[in-house]
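# Coordinates in review
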Amino acid sequence: MTFEALTIFPEFFRGPFEHGVVARAHAAGVLEIRIHDLRNWTPDRHRTVDDRPFGGGEGMLLKPAPVFEAVESIWPQRQPGQRVVLLSAQGRMFDQAMARRWAALDGLLLICGRYEGVDERVAEHLADEEVSIGDYVLSGGELAAAVVIDAVARLLPGVLGNEASAVNESFSEMEAGRLDCPQYTRPAEFRGWTVPEVLLSGHHEEIRRWRAGAALEKTRRLRPDLISAGQEVGKHHE
Ligand code: SAM
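Residues numbered from 1 in each chain as written. Predicted model: local features only at pLDDT ≥ 70, side-chain atom pairs only at ≥ 80, totals over all residues. Heavy atoms only, no water.

### Notes on the site of the ligand
- By nearness alone, 20 residues border the ligand, and L87, Q90, G113, E116 and Y136 come closest of all.
- Contact between the ligand and G134: a nitrogen atom at 3.0 Å from a main-chain N or O atom of the residue.
- Across the complex, the protein chains shield 86% of the 580 Å² of accessible surface that the ligand would expose by itself.
- Elements with a minimum of two residues in the shell around the ligand: β5 (82-93), β7 (129-132) and α5 (141-153).
- Per element, the largest residue contribution to the shell around the ligand is four residues, and it comes from β5.
- Classifying every residue of the shell around the ligand by side-chain character gives nine nonpolar, nine polar and two charged. (Near = heavy atom within 4 Å. Polar contact = N/O pair within 3.5 Å; in protein donor to acceptor, adjacent residues only side chain to side chain. Areas by Shrake-Rupley, 256 points an atom, 1.4 Å probe, with all protein chains shown as cover. Helix = DSSP H or I, 4+ residues; strand = E, 2+ residues; numbered from the N terminus. Nonpolar A, V, L, I, M, F, W, Y, C, P; charged D, E, K, R; others polar.)

Shown next as structure tokens:
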């Protein structure tokens, strides 16, 4: 799969993909990440990408022309397996289900906004989707794009060492409506806090039951919204 990021700060992406799972996947040729400098599609000497909003208001907006021309030159003929996504605080919320869907694509092109945002015609006529990574405002789309690339990349076949690790984790299809369970490692006692006895028992069925209960308890305590959402989904399937 190929990830393309369109940005005015290409340097921004130096760090995030040089380590861990995504770096290994890149080295193994499972994925390709291409970073494009939006200023390459500006005709003027100052490489201007922004302008003032019509109707007045704070700050500047990314102009439509460089963004359209960049996307049209990166993908001159968009194929069905290629998706253009505008990162935006106003977008639909990115989640694990979306990451799973996108992991089946051939290409994802992520447009990173800056300043006060991007001329709306990009959302209306260029992007397939407008997506937010959470209900807060970032100063640019680069961090959001890095989050999306990381979440999608680790779901690509062959990226995680153990294929099962993406199956039983929080938000996975198997764990719908439930977070991952609490996990402990050695030592069994740390500063007087002991790990639950059952985990040391070697009794697989009891461990499985304890984990299911602990995962549910933690979900109820920290993310009760997931449980009600899961019940709603269940209702619709009845
Ligand atoms: N004026 C915009 C608003 O109130 O919705 C905020 C613009 S923000 C300062 C600049 C850029 O950061 C946006 O164009 C977008 O690309 C990115 N951005 C900010 N928050 C984001 C979020 N929650 N998810 C994804 N991208 C975000």
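Don't stop here, the text continues.
### Let's talk about the pattern of salt bridges
- Summed over the entire model, instances satisfying the criterion amount to 11 salt bridges.
- Across the salt bridge formed by D119 and R121, the nearest N and O atoms sit 2.7 Å from each other.
- The exposure class assigned to R121 is partly exposed, which follows from its relative accessible area of 41%.
- Here E169 ties to R154 by a salt bridge, and the two come within 2.7 Å at their closest N and O atoms. Within this pair, whereas E169 is found in the loop between α5 and β8 (189-190), its partner R154 is found in the loop between α5 and β8, the two being separated by 15 residues in sequence.
- We classify R154 as partly exposed; its relative accessible area is 22%. (Salt bridge = Lys/Arg side-chain N within 4 Å of Asp/Glu carboxyl O. Buried < 20%, exposed > 50% of the residue type's maximum accessible area, 1.4 Å probe, protein only.)

### Some thoughts on the domain arrangement of the chain
- Once the domains are mapped, the chain shows domain 1 (2-153) and domain 2 (169-237).
- Placing the centre of domain 1 and that of domain 2 at their C-alpha centroids yields a distance of 35 Å. (Domains from an automatic or database assignment.)

### What to know about the nonpolar core
- Core analysis: the largest hydrophobic core is formed by 34 residues, its most contacted members being F3, F94, W102, L108 and V152.
- Broken down by secondary-structure element, the contributors of at least two residues to this core are β1 (2-7), α1 (20-27), β5, α3 (96-102), β6 (107-111) and α5.
- Counting residues per element, this core draws most heavily on α5, which supplies eight residues.
- I8, V84, L109 and A127 belong to the second largest nonpolar core, which has 20 residues in total. (Core = buried A, V, L, I, M, F, W, Y, C linked by side-chain atoms within 4.5 Å.)

### Overview of the packing of aromatic side chains
- Applying the stated criterion across every chain yields a total of four aromatic pairs.
- Centre to centre, the rings of F13 and F17 are 6.4 Å apart; their planes meet at 15 degrees, and the pair counts as stacked. Neither F13 nor F17 differs from the other in exposure class; each is buried.
- Ring geometry for F190 versus W193: centroids 6.3 Å apart, planes at 45 degrees, classification tilted.
- A relative accessible area of 44% places F190 in the partly exposed class.
- Here the aromatic residues F12, F13 and F17 are joined through ring pairs into a cluster of three or more. (Phe/Tyr/Trp six-rings, centres within 6.5 Å; stacked < 30°, edge-to-face > 60°.)

### Observations regarding helix α2 (residues 64-74)
- Every buried residue of α2 is accounted for by P66, V67, A70, V71 and I74. For α2, the buried positions fall inside an angular range of 125 degrees around the axis, keeping them on one side.
- Looking at the buried residues of α2, the elements they touch are β1, β2 (32-37), β5, β6 and α4 (120-125). (Arc of directions from axis to C-beta. Contact = heavy atoms within 4.5 Å.)

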